[in-house]
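# A structural walkthrough
As a plain string of letters, each chain reads:
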Amino acid sequence: MAADHSQADKEEPSILPLLNAGFNRRYTENTNTGACLNELIQLEHGEVRLQCKLRSSTATFTALDSVSDAVEISSSDHEIQYVNPAFERLTGYTSEEILGKSTDSLMKSDGNKQEILDMMYSQLRKGKIWEGTFYTRRKNGEALVQNVYVTPVTEYGGKVKHHIFVRRGTSYNQTVALSESGQLERYKDGIDLQNGVVLNRRQSMARIHSMTIEAPITKVINIINAAQENSPITVVQALDRVLEILRTTELYSPQLNPLQVKEEDQITSDYVGGLMSNALLVLSRDKEFREQSQIAAFDSNQGINPKRKFSGSDVTLSKVTHHHIPSTSPASQHRVPPHIEAILENSSLWDFNIVELEKATNKRPLMYLGMSIFQRFGVPEFLGVSEGVILNWLQLIEANYHSANPYHNSSHAADVLHATAFFLEKDRLKACLEISDEIAAIIAAVVHDVDHPGRTNSFLCNAGSDLAVLYNDVAVLESHHSALAFQLTTRDDRCNIFKELERDDYRQIRQTIIDMVLATEMVRHFEHLSKFVNSIKPAMKDIDDGSSMHSGGRGTPDSSSTSAALTTPENRMLIKRMLIKCADISNPARPLNLCIEWANRIAQEYCSQTDEEKRRGLPVVMPVFERNTLCVSKSQVSFIDYFVVDMFDAWETFADCSEVTTHLQNNYKYWKQEEEKDRRGKSEKK
Ligand code: AMP
Ligand code: ZN
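In this text, all values refer to a predicted model and were calculated from it rather than measured experimentally.

Conventions used here
Residues numbered from 1 in each chain as written. Chains lettered and ligands numbered in written order. Predicted model: local features only at pLDDT ≥ 70, side-chain atom pairs only at ≥ 80, totals over all residues. Heavy atoms only, no water. Helix = DSSP H or I, 4+ residues; strand = E, 2+ residues; numbered from the N terminus. Buried < 20%, exposed > 50% of the residue type's maximum accessible area, 1.4 Å probe, protein only. Contact = heavy atoms within 4.5 Å. Near = heavy atom within 4 Å. Polar contact = N/O pair within 3.5 Å; in protein donor to acceptor, adjacent residues only side chain to side chain. Areas by Shrake-Rupley, 256 points an atom, 1.4 Å probe, with all protein chains shown as cover. Salt bridge = Lys/Arg side-chain N within 4 Å of Asp/Glu carboxyl O. Pairing = 2+ DSSP bridges. Donors = N, O, S within 2.8 Å, 3.2 Å for Na, K, Ca; no water. Tetrahedral: all angles 85-135°; square planar, octahedral: opposite > 155°, others 65-115°. Expected span 1.5 Å × (residues − 1). Axes fitted to C-alpha atoms, helices over the stretch in contact; angles between N-to-C directions. Parallel < 35°, antiparallel > 145°, perpendicular 65-115°, else oblique. Left-handed = near helix turned anticlockwise from the far one by under 90°. Nonpolar A, V, L, I, M, F, W, Y, C, P; charged D, E, K, R; others polar. Phe/Tyr/Trp six-rings, centres within 6.5 Å; stacked < 30°, edge-to-face > 60°. Lys NZ or Arg CZ within 6 Å of the ring centre and 35° of its normal.

Here the focus is the overall build of the protein chain. Scanning the protein chain from N- to C-terminus turns up 30 helices and 7 strands. Counting all 686 residues of the protein chain, 46% fall into the buried class. A sequence separation of at least 24 residues applies to 67% of the contacts in the protein chain between residues at least 6 apart.

Structure below.
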């Protein structure tokens, strides 16, 4: 400001009294018109303009309050400074919750988040507008696709001071509808011109993100994303690891790292490979097989055909013609010899001796025990068929088990049937299951391994057997047992135990039987166990807490009360799966003499598979089951440790069957001692 010396030298009084009195500007009187004019021009360019701007910004913010687009203003370092009510509605966050946060804090931490942000900030830094798609989530974790339009606001001198985000949320349906009406296309065309982003990719990404909103796993991921928001970094990192795992498909399959498999874990790794995998090769066997393949390739150079026969035409596992109804005497003539009757008298006890029955019945224990159990559970009455039909059916199914198999023969089916019936008589099961569930479970146990070839699924897949081809290498044997059971049953009225059922009842029992037989596939062992534990334990807790009770009505008065949650169709299904699974691998929990018998039988069957694999040049899926080197005790310790202990632990809590688990504990100790003896014997020999 220009001023002459005489004026400057004068004493200048303080402005404060004037301001306090309500004035906001002091003008010095001046007789010079030009000076007056300049003063006015300065007023117009300065305060008046600012006043007008301030008044219009109030109007602007009022307008922002009522627009339907979500608007956010953030600082140049991406801190949110203002959001309008539409933003609050769109995201579910209040302005108090969101102000001060980072612009990208609502975005999902997907693989392409950083890519999008980098693209956007590089545009904005140049002072250019950016348009694109944000994959975000609402406060409640729900996924939300947002079309975002960002404008940088520059101050005098060209420095970017603010960013203004205009966000529009779309659901999948809206995306498609807009796209079909052409609106979205126009919107996206703009985006693509400016950012060079391929239209189709963006569209499909939006579709994928919004489509998966419905999937339960996506909801879980969104909830975790939301929980990460205000968590300390250690929790965020732990949850990132959780998300990584959740994104895999094999959620229930334990992963054994071949590099970490110690020698003593070799049997476990063999079980995992042999029972839980359909793959051609297993874990550490990969290398071995590759070497074998190289040898084969070498052989071909010598003129020897290296191709293994995986065609299946040489695999004669499944009988081409199945046994038809045996020419038996009618049920009225089904006289049970007294010595067999005497054995069957103990059939409701856990200590029942199935091997004794096997001998007494000349390897037809399934028919005799089946008849006895079917009568005890009122199966003929429930199905509305005569005992003759039941007898025919049992004989037919038994005839389709391979009596030459050391383990997977009709005695194993009878053993599983016995265990199933035993568990069904526990109060908890009576309280949770309906009669139709019991009948289905009994039938499923009888048929669950019918026509078993004495070879594992892995073997059949590696051999390219007809069955593996038919079932696409997926649950090959279990699919076959179930399918064949229904084929055999419905082929002839004389043995069709379902012939009197109404269509809907038949469909229901059929579905349950199929589900139970498929549940015996060991590939999904941990899935069934985890689901049972996760669903049944909370329902059991209700009972302990005394809440949510109702009377099942079929057990004893005090133990029949059960949580309503346990009797839902979903939980009944989990119980039935666990029931047949526990029955199927209950031999390690049988009285010691029986437990040893079954262990030797399965070992014999596995060894015979190894022999055949070697003979035919197939990959050896369980090399520890090699006749000359096998240690049965070691194989049992591993099998019990890996598959049986946790399962029976969960089952005992539910079914209250300590007589079973006591045997299991004692048998385990026995196998441990035997293993130790074997180890000492071997080290003495050295
Ligand atoms: P399944 O073929 O339906 O009998 O399924 C049960 C699986 O567990 C089969 O693969 C059996 O070979 C296996 N298994 C049952 N008991 C034993 C045991 N004591 N030792 C080793 N494997 C067993
Ligand atoms: Zn079985």
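Read on for the rest.
To continue, consider the site of ligand 1. Near ligand 1, the surroundings consist of 17 residues, among which His408, Asp584, Asn587, Tyr606 and Gln636 are the closest. His408 is positioned with one of its side-chain polar atoms (N or O) 2.8 Å from an oxygen atom of ligand 1. The separation between an oxygen atom of ligand 1 and a polar side-chain atom of Asp449 is 3.1 Å. When ligand 1 sits alone it has 480 Å² of accessible area, and the protein chains cover 96% of it. Every element with two or more residues in the shell around ligand 1 is listed here: helix H12 (266-276), helix H28 (592-616) and helix H29 (632-655).

Tallied over the entire structure, the rule returns 23 salt bridges. Its salt-bridge partner being Glu434, residue Arg572 comes within 3.6 Å of it at the nearest N-O pair. Highlighted residues: Arg572 in helix H27 (residues 569-584) and Glu434 in the loop between helix H20 (427-432) and helix H21 (435-447), separated in sequence by 138 residues. A relative accessible area of 41% places Glu434 in the partly exposed class. In this structure, the salt-bridge partner of Glu612 is Arg455, at a minimum N-O distance of 2.9 Å. Residue Glu612 is found in helix H28, and its partner Arg455 is found in the loop between H21 and helix H22 (457-462); the two are separated by 157 residues along the sequence.

A separate point is the pairing of strand S1 (residues 70-75). The element S1 is extensively covered by neighbouring structure, given that 6 of its 6 residues are classed as buried. Pairing of S1 with strand S2 (residues 80-83), which is carried by 3 bridges, proceeds in the antiparallel orientation. Directly across from Ser74, in S2, lies its bridge partner Ile80. Counting the residues that bridge the hairpin from S1 to S2 gives 4 residues, and of these His78 lies at a positive phi of roughly 70 degrees.

Around the zinc ion (ligand 2), the protein contributes the donor atoms His412 (NE2), His448 (NE2), Asp449 (OD) and Asp584 (OD), at 2.1 to 2.2 Å from the metal centre. Coordination at the zinc ion (ligand 2) is irregular: its 6 donor atoms span angles of 62 to 172 degrees at the metal. Taking relative accessible area as the criterion, His448 reaches 0% and is therefore assigned buried. Look at Asp584 and you get buried, because its relative accessible area is 10%.

Another aspect to go through is H29. If you check H29, its first and last C-alpha atoms are just 30 Å apart, much less than what 24 residues at 1.5 Å a residue would give, namely 34 Å. With 17 of 24 residues buried, H29 is to be regarded as a mostly interior element. Looking one or two residues past H29, Asp656 carries a phi angle of roughly 55 degrees, positive in sign.

Turning our eyes to something else, we now look at the packing of helix H19 (residues 410-424) against H27. At their nearest, the axes of H19 and H27 sit 8 Å apart, and the two run at 130 degrees to each other. With respect to each other, H19 and H27 are oriented oblique. Between H19 and H27 lies a crossing whose hand is right-handed. On H27, the residues that touch His412, Val416, Ala419, Thr420, Phe423 and Leu424 of H19 are Leu579, Cys582, Ala583 and Asp584. Per-class residue counts for the contact of H19 with H27 are 7 nonpolar, 2 polar and 1 charged.

It is the contact of helix H18 (residues 387-399) with H21, at a shortest axis distance of 10 Å, that shows an interaxial angle of 35 degrees. Of the residues in H21, those in contact with Trp393, Leu394 and Ile397 of H18 are Ile443, Val446 and Val447. Each residue belonging to the contact of H18 with H21 can be placed in one class, and the counts come to 6 nonpolar, no polar and no charged.

Let us look at the packing of aromatic side chains. Applying the stated criterion across every chain, the model contains 24 aromatic pairs. Seen from the ring of Phe486, Arg510 lies directly overhead, with NZ or CZ sitting 4.7 Å from the centre.

On to the side chain of Ser479, then. Positionally, Ser479 belongs in helix H24 (residues 476-491). When sequence neighbours within four positions are dropped, the list of residues in contact with Ser479 reads Tyr471, Val474 and Leu518.

For a regular strand, the rule is simple: side chains alternate between the two faces of the sheet. Extensive coverage of strand S3 (residues 130-137) is indicated by the burial of 8 of its 8 residues. As paired strands, S3 and strand S4 (residues 143-154) are joined by 8 bridges and run antiparallel to one another. By the bridge assignment, Phe134 is partnered in S4 with Gln146. Where S3 folds back onto S4 in an antiparallel hairpin, the turn is made up of 5 residues, including Gly141, whose phi is positive at roughly 95 degrees.

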